[in-house]
Amino acid sequence: MEDSDSSRTPNPESTAAEADDLTILCITGWCRNGSTILGNVLNEVPGFFHVGEIHFLWKNSAGLGVNNLCGCGATLTECPVWSEILPVGRPAGVSPIEHAKNVIRRQRAVVRTRHTWRVMRNGIDSSDLTEHAELMTAVYRAVAERTGSRVLVDTTKIPGEASLLPRLPGIRTVFVHLVRDPMAVSNSWRTPKDYVYTMSAGKNTAYWRAFNIASRAILRRYPQQSMLLRYEDFIADPAGTVDTLLRMCGADPAGNPVHGQTVSLHTNHTTTGNPDRFRTGETVIRPTDESWRTSLPLPARLATTVVAWPMAWRYGYRALGGLRVPARPVTTPPRLVTAPTVPSRPVTAPAAPAEPALEDGSVGSGS
């Protein structure tokens, strides 16, 4: 589709968002959950900017991943936004590739999915976490200043990264735990898309389970600034969903870009995500997500059912049959976000459940 405004590169002259007025709308959950389209819809709201899966910015910009393109079509190192952000936090005399490797090492050491509970319980308790928190704080603020935004939408979906956000000074966080029918997710992972690989139903659903367990723990820890959202409810009522999210971020619902099931998408600057992020123009959000019923083989359905149970039932999905109840308009009461109070002493958090051995903390749409 043609871009109706391909020149929507953020203006460096825009008024910078104040550090204490910056909100991160963090979408958690497992990949192929619809976070890319939700993020790009929110990208159309005045004052909002969708950064994509920023966790992979350094990996992909250094050529260590499989996707080095920004949503605008340029390589990350040549994008008018990310080319200015990448030097942020890089020590003098350190090359971009060395810096990227250092960031990746810290990510794997302290903000993998398995580290979610430790970060919530102990806060920033190591030099690696301190350095990573300082980097992410500086990068988020630099993006807000460069784009003139006051709300950044981060669709990284790695719970370890998400659990660190409330510890970043001068930044408010809104958490959206986005869940999609595991059958639809397994079906999506069957088909390769450009730089996105495939994954078996059993392996993908093990990830689905682990990432959703960790994401649920974050929502339980920060209930006043969090929302559980099913993808099926979002597509059934996209305008209502966006309205609720805007209110949670303290934004004016009049900026809602969705009209019925339609939204006009412009060029974005997502660091990575589902390849559909490159689509622009008038976009119709289909109100149902049922293609898996005719295309997902029975063995894959059975594997998905076994691994996802009983969590799938908790979210309203029944074995082999999809939604237990029809998708419905979002009715979550809107909450204005206030800066979280970080306790001065450690808060007891539940112990992390056993994770599948395959979890490496760096999987993602663009990894």
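Everything here concerns the structure above.
Report follows, based on the coordinates.

Conventions used here
- Residues numbered from 1 in each chain as written.
- Predicted model: local features only at pLDDT ≥ 70, side-chain atom pairs only at ≥ 80, totals over all residues.
- Heavy atoms only, no water.
- Helix = DSSP H or I, 4+ residues; strand = E, 2+ residues; numbered from the N terminus.
- Buried < 20%, exposed > 50% of the residue type's maximum accessible area, 1.4 Å probe, protein only.
- Contact = heavy atoms within 4.5 Å.
- Areas by Shrake-Rupley, 256 points an atom, 1.4 Å probe, with all protein chains shown as cover.
- 1 Å grid on protein atoms, 1.4 Å probe; cavity = no way out; pocket = protein on both sides within 12 Å on 5 of 7 lines; lining within 4 Å.
- Points joined across faces, edges and corners; volume = space filled by probe spheres on them.
- Nonpolar A, V, L, I, M, F, W, Y, C, P; charged D, E, K, R; others polar.
- Salt bridge = Lys/Arg side-chain N within 4 Å of Asp/Glu carboxyl O.

This part takes up the overall build of the chain. Helix and strand counts for the chain come out as 14 helices and 9 strands. Evaluated residue by residue, the chain yields a buried proportion of 55% over its 367 residues. At a minimum sequence separation of 6, the contacts of the chain that also span at least 24 residues come to 80%. Summing over all exposed atoms, the chain offers an accessible surface of approximately 14900 Å²; the carbon and sulfur share of this is 52%.

Here the idea is plain: a probe the size of a water molecule rolls over the atoms and shows the empty space left. Space inside the largest pocket adds up to approximately 830 Å³. In terms of lining, the largest pocket is formed by 33 residues, of which the most central are Ile37, Lys193, Tyr231, Asp276 and Arg286. When residues of the lining of the largest pocket are traced back to their parent elements, those giving at least two are α1 (35-42), α8 (182-189), α10 (231-236) and β7 (281-284). Grouping the constituent residues of the lining of the largest pocket by class yields 10 nonpolar, 13 polar and 10 charged.

Moving on: the pattern of salt bridges. The final tally for this structure, using the stated rule, is 11 salt bridges. Arg106 serves as the salt-bridge partner of Glu131, at 3.2 Å between the closest nitrogen and oxygen. With Glu131 in helix α6 (residues 127-147) and Arg106 in helix α4 (residues 96-110), the pair connects residues that are 25 residues apart, well separated along the chain. Judged by its relative accessible area of 38%, Glu131 is partly exposed. Owing to a relative accessible area of 7%, Arg106 belongs among the buried residues under this scheme. Between Glu290 and Arg293 there is a salt bridge; the shortest N-O distance is 2.1 Å. Exposure remark for Glu290: the relative accessible area of 35% places this residue in the partly exposed category. Overall, Arg293 belongs to the partly exposed group, its relative accessible area being 37%.

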